[in-house]
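Breakdown of the fold
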Amino acid sequence: MPSSGSQPGMHLSPVDLRLTPIWLRLELLAAGESDRSLARALKAGTVERPRRGAYVDGPAWRSMSPEQQYAVRSRAAYRQARTNVFISHTSAVPLLDGPLWGFDLGDAHLTRFDGRTGRREAGIQQHRGAVAEGDVVTAHGLQISSPLRTALEVTTVGSVEASLVVANHFLHRADFTPEQLRTRYDDSIARWPFSLKCELVIKLADPRIESPGESRTFYFLWKHQFPLPEPQYEVFDNGRLVARLDFAYPALGIWIEFDGKVKYQRRRTAEDDEEDVTRIVLREKRREERIAEITGWRCLRVTWFDLANPERLVARLRNLIESVARSRRTA
């Protein structure tokens, strides 16, 4: 596959599995393969077929995550397109090094440059839409919807929550500003079909929110009608910054930390893994104790499991708010 210089904010390397070489059937036949030899290779597992008529290395394909396989299928659809298109919507997200949480990874999404009505075929959704300057970037030999356009496009095919994860990711990475997001929407995208969710995503999006888990936590708080918190709240001790809190409610005396599994993943080092994890947990505990000592606040830790059980999390947070309020009344 041809490779070109990446645009700012695109961090894929040439060895990334999402950029695994793709061979089309006609190319392989021209190189001396036959349909019979390809069938034998498929049966042996030396190649796999992400899409009909497209082949990749078998072991590489089987080692990919679902998100990486989706990126490869999208690239295959792009290579097989019979008209001038660019990779867009959900398909652009992994190739822009963005998160795919909550999206359907079935169809590959392509947008036509000619503005004609797109068509849907097996595994591909073609879109139409006016293309403005800066809407398409080139990276790794591919034409891809820009981060700004992608953040708006995904709202037409995904949920508000999943789209907010994408918008906050690109905003935090400084691919664009909230003002640029609003302006691009008002310019033309507000008139797109299925774009009503986009308005809400723009209102909720915040570049201070750093991770998918934090975006989902913020969305949870909005959806369940809690006051919106202050993201990345800074805690000082005698003028020295000691911590940044994921979310803070200064008036309520509460802060919220999203506790993602990455924080506790074991590092493959010569040190004992169990000791390493214990050290990390103890460090987090000391940090929490220090913040509570300085602020007098109480902490609620939120995990992926909690977000998957929102009713229980609602009850926990309400109980904590009530508990802190009672303590203040009796103090």
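Worth saying up front: this structure is predicted, and the values here are computed from it rather than measured. (Residues numbered from 1 in each chain as written. Predicted model: local features only at pLDDT ≥ 70, side-chain atom pairs only at ≥ 80, totals over all residues. Heavy atoms only, no water.)

Describing the overall build of the chain
Counting its regular elements, the chain contains 13 helices and 13 strands. Every one of the 331 residues in the chain was classed for burial, and the buried ones make up 47%. Considering only contacts in the chain between residues 6 or more positions apart, those separated by 24 or more positions represent 60%. Summing over all exposed atoms, the chain offers an accessible surface of approximately 17,200 Å²; the carbon and sulfur share of this is 51%. (Helix = DSSP H or I, 4+ residues; strand = E, 2+ residues; numbered from the N terminus. Buried < 20%, exposed > 50% of the residue type's maximum accessible area, 1.4 Å probe, protein only. Contact = heavy atoms within 4.5 Å. Areas by Shrake-Rupley, 256 points an atom, 1.4 Å probe, with all protein chains shown as cover.)

Focus: the packing of aromatic side chains
Counted according to the given criterion, the structure contains seven aromatic pairs. Residues Tyr219 and Trp222 carry aromatic rings whose centres are separated by 5.7 Å and whose planes lie at 40° to one another, so their mutual orientation is tilted. Here the residue Tyr219 and the residue Trp222 both occupy positions in helix H10 (residues 212–223), the gap between them amounting to three residues, near one helical turn. Pairing Tyr233 with Trp297 gives two aromatic rings, centres 5.4 Å apart and planes at 50°, and the pair type is tilted. Taken together, the positions of Tyr233 in strand E10 (residues 230–237) and Trp297 in the loop between helix H11 (273–295) and strand E13 (298–302) put the pair 64 residues apart, joining distant regions of the chain. (Phe/Tyr/Trp six-rings, centres within 6.5 Å; stacked < 30°, edge-to-face > 60°.)

Re the sheet that holds strand E11 (residues 240–249)
Overall, mixed pairing links the four strands, which are arranged E10-E11-E12-E13 in an open sheet. Edge positions in the sheet fall to E10 and E13, since each of these pairs with one other strand and no more. This sheet shows a mean twist of 50° between the axes of neighbouring strands, independent of strand direction. Where strand E12 (residues 254–258) meets E13, five bridges bridge the pair, whose relative direction is parallel. Paired with Glu257 across the bridge in E13 is Arg301. Strand contacts of helix H13 (residues 310–330): E12 and E13, with the helix running at about 175° to E13, the strand carrying the most contacts. (Pairing = 2+ DSSP bridges. Axes fitted to C-alpha atoms, helices over the stretch in contact; angles between N-to-C directions.)

Topic: the packing of helix H7 (residues 160–172) against helix H9 (residues 196–204)
Put simply, H7 and H9 touch, their axes get as near as 9 Å, and they point 50° apart. One way to sum up the angle between H7 and H9 is to call them oblique. Considering the relative orientation of H7 and H9, their crossing is right-handed. Along its contact with H7, which presents Val160, Ser163, Leu164 and Ala167, the element H9 presents Lys197, Leu200, Val201 and Leu204. Grouping the constituent residues of the contact of H7 with H9 by class yields six nonpolar, one polar and one charged. (Parallel < 35°, antiparallel > 145°, perpendicular 65-115°, else oblique. Left-handed = near helix turned anticlockwise from the far one by under 90°. Nonpolar A, V, L, I, M, F, W, Y, C, P; charged D, E, K, R; others polar.)

A look at the nonpolar core
The biggest cluster of nonpolar side chains holds 59 residues, and the ones touching the most others in it are Leu181 and Ile256. Per-element tally for this core: the top contributor is H7, with seven residues. Residue contacts for Ile256: discarding those within four places in its chain leaves Thr217, Leu221, Asp246, Phe247, Tyr249, Leu300, Val302 and Leu317. (Core = buried A, V, L, I, M, F, W, Y, C linked by side-chain atoms within 4.5 Å.)

Brief notes about the confidence of the model for the chain
When the pLDDT values of the chain are averaged, the result is 89; 89% of them are 70 or greater. Low confidence marks residues 1–14, where pLDDT is under 50. Its contacts with residues over four positions away, or in another chain, come to 38 contacts. (pLDDT = per-residue confidence, 0-100.)

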